Amino acid sequence: MAVAGSGLVQPVSEPVFMVTLEAPGLLRMPYLQTALADSISIVWRTSSAGHCAVAYKKRAAAEWQQLKGVTHNKRFGGVENLVTIKGLEAGSEYQYRIFTDGHELAQEKAFSFRAPKEASAPFTFYAAGDIGEPVKDEGKPDKMAQQISRLATAPDFGLLLGDIIYPNGESEGYDQHLFNYFADVFSRIPTFALLGNHEWNVNPEVNFIQEWKLPGNEHYYSFDRGNTHFIALDSKKGQFYDYEKQKEWLINDLKQAKAKGYQWLVVLLHYNGKSCTYKPDTERVIELYPLFAEYGVDLVLNGHAHTYERLNPMNGEGVVLYELIGKHKEYQDVAGFISITVGSGGKLRGVGTDPTPFKPNPKRCKHPNLVAVSSHDWAFLRVEVDGNKLQAEAISSLNGEVLDSFSITKSGVAHDSLHELRINQLQLIGSHNSYKQAIDPRLHRLIAQKDSAAASALDYSHISPTEQLDMGLLNLEIDVLADTDGGRYAKPLGFNMIGDEQGLQQWDPEGLMLKPSFKVLHVQEIDFKSHYKTFAQCLQDLKQWSDANPDHYPVFITVNAKEGASRIAGGVAAEKFTAEVFDLLDQELVKYLGKSKLLTPDEVRGKYTSLREAVLAQNWPRVKDARGKFVFILDEHDAKREIYRAKHPSLKGRMMFVNAEPESPEAAILIMNNPKSQLDQIQEMVRKGYIVRTRADANTAEARRNDKSRFRAAQESGAQIITTDYYLPSTHFNSPYQISFRGNTYVRPNPLNVK
């Protein structure tokens, strides 16, 4: 039974509420707010109120559901009545009626709304800024509302991009200049609003924020609709509200959105960045461009300038993508973002209180080739998102004429349609030696003098594993060395080789290398710098990231159990892995991640007699059922593999899969690192149902040559996991080599086994 406000849902054939007072006056028609997931809020204003309620039902239902809400006295505009409905059926049409003090208000109206749709369903929204210019001053909020009402398909929600009420954003102007005109629109289409500079002409806490119910802290917030993530920012008067804190929040929000795999990212703010309108560039917005590019933002929508202007796609430096200049209608896999000013919803430069004449002239702009389309007219934007395609139209607020239109298509299918696939039907990109930090340059030069090839192979590094996951990578590789007594790797000879006694003393201030534990490093004595000293640290970091992103796609992690002699004379040999040591390794996974975070061989085997039999029967879980989990693979062969699986037929009771022979009972995930020479074999194994890990590059060779032929072979092979050291370009040598799928993505349907 759903609960909202202060009341319980009660089904009745005809709603009846206790009448306690005289009927209050209805000061503001109902408007829909915070339409999120399976809920929606209905808000209205009355002259007085002791209690309030809503009756609602699906359009075809016989019985009404009754739900009580809460009331709040407002500084201006009477009493707010608020009812939040939860447990709505996705995409369904609902009718509703409003009651204050037992009296039904606006009985002559047939109020309705559509619940937020399922994640995979297409949706539309409208967006505009600078709306509530008084009609007496030649503003057109009334015309914009009329044109939205006349759209053939009602938008699923609306976005108001700031400067909502003129002249000063005060509560006293909301009904006269906005709600009275938008009563029909707002009562059936949920609205999200954000602050502009005019909202900051007065205290927004006692004006703007009193008029809207928004997520987060209401100055800046984010919400999801289908396969799209929306981020609303408060650009205040160009300097941004609480800038450093807001920017930190933005980065974290973008990371989480990237990790969750949204197909589209849309940023909303009032101020423009670069512009060829009459407004100057806003440096604080331009400072955010690198973040927009890094995390794959697709659209940036703003108001502020009272005109319409769509810019050509730009990169993180704000430079127009040269190859797309002149291509204004249809975009495919844009490697940048499109910024649009739509600040003439109800106010136009050169008219009314903004009388200075203006005529767009992009050719005379200080930014060459910046503008794709400009149109000086009252306008709002209508956007439709359907899977991997986004279509937008700029529509005249006066007559409904389409002033501009464009589309963006992304290769492959939307991320949300990956959910029904089995995990072996994905193809994803991950990193190799994911924990590795750069070797000390002095030590690297010393190694190069003796063995240049070995030095080149060590010449790479990675951002932290959780930063990689934030980017969207879904595979990591961790080298683990046993140290059951502690201290085995505590004093790497590399420090002595370059005479860096101080570096040795500062290397492990917490003394973690002295304690018994599994250590994480690449090559003992020389290539030992890592984002983690211990495997426990690594697992704790992954757990924290996973808890913060509980719906993440399954993350594959290959583990190398390193042992053997040192490459350096006098260096310590790595400890051997025995059955007891492997047992400790499994216990560590459970201890620091929790078994619920692991997809284990037992789960995949299920009712089948062997793991191989289950895999050949396609018993891999679906992506939606493997969300929030990690899949560990022991990347070893021969003796170490035999020790791990001994006494564990089909890996019963083990936490990791192994790189087993295809015909063995333990076969499920195979390591086949050369997609060129092993192309046919990889394809055969993938078609049978196995998961295969291969590599796009090795030992820096392909990156130095900027040679992607191995990556192309890896994609063609259908190998589900493709590892690289270069999801970002190298910072160690000059090469543009960088690996991703089209559209700067790192997961897609497998081209070999998804039709």
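Heads up: the structure comes first, above all this text.
None of these values were measured; they are calculated from a predicted model.

Cut-offs applied
Residues numbered from 1 in each chain as written. Predicted model: local features only at pLDDT ≥ 70, side-chain atom pairs only at ≥ 80, totals over all residues. Heavy atoms only, no water. Buried < 20%, exposed > 50% of the residue type's maximum accessible area, 1.4 Å probe, protein only. Helix = DSSP H or I, 4+ residues; strand = E, 2+ residues; numbered from the N terminus. Pairing = 2+ DSSP bridges. Right-handed = clockwise from strand over helix to strand, strands pointing away. Arc of directions from axis to C-beta. Contact = heavy atoms within 4.5 Å. Polar contact = N/O pair within 3.5 Å; in protein donor to acceptor, adjacent residues only side chain to side chain. Disulfide = S-S within 2.5 Å. Salt bridge = Lys/Arg side-chain N within 4 Å of Asp/Glu carboxyl O. Core = buried A, V, L, I, M, F, W, Y, C linked by side-chain atoms within 4.5 Å. Phe/Tyr/Trp six-rings, centres within 6.5 Å; stacked < 30°, edge-to-face > 60°. Lys NZ or Arg CZ within 6 Å of the ring centre and 35° of its normal. Axes fitted to C-alpha atoms, helices over the stretch in contact; angles between N-to-C directions.

Points about the pairing of strand 17 (residues 228-232)
On a regular strand, one side chain projects to one face of the sheet and the next to the other, so that they alternate.
Line of reasoning, step 1. When you tally the buried positions in strand 17, you get 5 out of 5 residues, the bulk of the element.
Line of reasoning, step 2. Residues Thr228, Phe230 and Ala232 point to one face of strand 17 and His229 and Ile231 to the other, with burial holding for every one of them.
Line of reasoning, step 3. Note that strand 16 (residues 221-225) and strand 17 share 5 bridges and pair antiparallel. Paired with Arg225 across the bridge in strand 17 is Thr228.
Line of reasoning, step 4. The hairpin formed by strand 16 and strand 17 contains 2 residues between the paired strands, and Gly226 there has a positive phi angle of roughly 60 degrees.
Line of reasoning, step 5. Relative to strand 18 (residues 264-268), strand 17 runs parallel, the two sharing 5 bridges. Among the inter-strand pairings, Ala232 is bridged to a residue of strand 18, identified as Leu268.
Line of reasoning, step 6. Regarding the hand of the β-α-β motif, the stretch spanning strand 17, helix 4 (residues 243-260) and strand 18 is right-handed.

What about helix 7 (residues 441-450)?
Line of reasoning, step 1. All of the buried residues along helix 7 are Leu443, His444 and Ile447. Taken end-on, helix 7 shows its buried residues confined to a sector of 100 degrees, consistent with a single buried face. More than 90 degrees from the buried face of helix 7, the exposed residues found are Pro441 and Gln449.
Line of reasoning, step 2. Check the buried side of helix 7 and you find it contacts helix 8 (452-457) and helix 10 (493-497).
Line of reasoning, step 3. The backbone nitrogen of Arg442 has a side-chain oxygen 2.8 Å away, supplied by the residue at the start of helix 7, namely Asp440.

Describing unusual backbone geometry
Line of reasoning, step 1. For the bond from Tyr166 to Pro167, the omega torsion is 5 degrees, close enough to zero to count as cis.
Line of reasoning, step 2. In this fold, Pro167 is placed in the loop between strand 14 (157-160) and helix 2 (174-186).
Line of reasoning, step 3. With phi around 75 degrees, Glu218 is a residue other than glycine that occupies positive phi space.
Line of reasoning, step 4. Along the chain, the position of Glu218 falls in the loop between helix 3 (208-211) and strand 16.

A look at the state of the cysteines
What is meant by a disulfide is a covalent connection between two cysteines, made through their sulfur atoms.
Line of reasoning, step 1. Within this structure, the stated rule accounts for 1 disulfide.
Line of reasoning, step 2. With a sulfur-sulfur separation of 2.0 Å, Cys276 is cross-linked through a disulfide to Cys365. Where Cys276 bonds to Cys365 through sulfur, the torsion about that S-S bond is close to -80 degrees, and the disulfide is left-handed. Taken together, the residues span a long stretch of sequence, with Cys276 in the loop between strand 18 and helix 5 (283-286) and Cys365 in the loop between strand 22 (338-342) and strand 23 (371-375) at a distance of 89 residues.

Overview of the environment of Val520
Line of reasoning, step 1. Looking at the element boundaries, Val520 is found in strand 29 (residues 519-520).
Line of reasoning, step 2. Relative accessible area serves as the criterion here: at 1%, Val520 is assigned to the buried category.
Line of reasoning, step 3. Along the sequence, Val520 and Gln537 sit 17 residues apart, while their C-alpha atoms lie 9.3 Å from each other.
Line of reasoning, step 4. With sequence-adjacent residues up to four places away left out, Val520 is seen in contact with Tyr435, Ile478, Asp479, Ser530, Tyr532, Lys533, Thr534 and Phe535.

Quick look at the pattern of salt bridges
Side chains bearing opposite charge may pair, as long as their charged atoms lie close to each other.
Line of reasoning, step 1. Inspection of the entire model under this criterion finds 44 salt bridges.
Line of reasoning, step 2. Between Glu563 and Lys576 there is a salt bridge whose closest N-O contact spans 3.8 Å. Here Glu563, found in the loop between strand 30 (555-562) and helix 13 (579-593), pairs with Lys576, found in the loop between strand 30 and helix 13; they are 13 residues apart in sequence, far enough to count as distant.
Line of reasoning, step 3. According to the relative accessible area criterion, Glu563 is partly exposed, its value standing at 28%.
Line of reasoning, step 4. Through salt bridges that share partners, Arg641, Glu642, Arg645, Glu661 and Glu666 make up one connected network.

A closer look at the nonpolar core
Line of reasoning, step 1. Counting residues in each nonpolar core, the largest one holds 68 residues, and the members touching the most others are Phe535, Leu542, Ile557, Phe577, Trp620, Phe632 and Phe657.
Line of reasoning, step 2. If we ignore the near neighbours within four places in the chain, the residues touching Leu542 are Leu469, Leu476, Ile557, Leu593 and Phe630.
Line of reasoning, step 3. Residues Tyr31, Trp212, Ala232 and Val383 belong to the second largest nonpolar core, which totals 66 residues.

Quick notes on the packing of aromatic side chains
Line of reasoning, step 1. Taken as a whole, this structure holds 40 aromatic pairs when the rule is applied.
Line of reasoning, step 2. On the numbers, 5.3 Å between centres and 65 degrees between planes, the contact of Tyr278 with Phe358 is edge-to-face. Within this pair, whereas Tyr278 is found in the loop between strand 18 and helix 5, its partner Phe358 is found in the loop between strand 22 and strand 23, the two being separated by 80 residues in sequence.
Line of reasoning, step 3. By relative accessible area, which is 21% here, Tyr278 ends up partly exposed.
Line of reasoning, step 4. Where Phe495 meets Phe528, the ring centres are 5.1 Å apart and the plane angle is 45 degrees; that geometry is what we call tilted. Of this pair, Phe495 sits in helix 10 while Phe528 sits in the loop between strand 29 and helix 12 (535-548); the two residues are 33 residues apart in sequence, bridging distant segments of the chain.
Line of reasoning, step 5. Of the residues examined, Phe528 reaches a relative accessible area of 6% and is grouped as buried.
Line of reasoning, step 6. Put simply, the rings of Tyr31, Tyr174, Phe179, Phe182, Phe186 and Trp212 touch in pairs and so form one group of aromatic residues.
Line of reasoning, step 7. Stacked on the ring of Trp64, the Lys or Arg Lys57 has its end atom at 5.2 Å from the ring centre.
Line of reasoning, step 8. Lys236 extends its terminal NZ or CZ atom over the ring of Trp200, reaching a point 4.5 Å from the ring centre.

Brief notes about the sheet that holds strand 26 (residues 402-409)
Line of reasoning, step 1. Taken in spatial order, the 7 strands line up as 15-14-13-24-25-26-21 in an open sheet, and their pairing is mixed. Two strands lie at the open edges of the sheet, namely strand 15 (191-193) and strand 21 (330-332), each paired on one side alone. This sheet shows a mean twist of 20 degrees between the axes of neighbouring strands, independent of strand direction.
Line of reasoning, step 2. Alignment of strand 13 (residues 123-128) against strand 24 (residues 379-386), held across 5 bridges, turns out to be antiparallel. Considered in strand 24, the bridge of Phe123 is made with Val385.

So, the sheet that holds strand 19 (residues 299-302)
Line of reasoning, step 1. Spatially, 16-17-18-19-22-20-23 is the arrangement adopted by the 7 strands of the open sheet, whose pairing is mixed. The open sheet has two edge strands, strand 16 and strand 23, and neither has a second partner. On average, each strand axis in the sheet is inclined to that of its neighbour by 15 degrees, with strand direction left out of account.
Line of reasoning, step 2. Here strand 19 runs beside strand 22; their pairing, made up of 4 bridges, is parallel. For Val300, the partnering residue across the bridge sits in strand 22 and is Ser339.
Line of reasoning, step 3. Its contacts with the sheet put helix 4 on strand 16, strand 17 and strand 18, and the angle it makes with strand 17 is roughly 175 degrees.

Looking at the environment of Gln263
Line of reasoning, step 1. You can see Gln263 is positioned in the loop between helix 4 and strand 18.
Line of reasoning, step 2. For Gln263, a relative accessible area of 6% gives the class buried.
Line of reasoning, step 3. Along the primary structure Gln263 and Lys410 are separated by 147 residues, whereas in three dimensions their C-alpha atoms are 8.6 Å apart.

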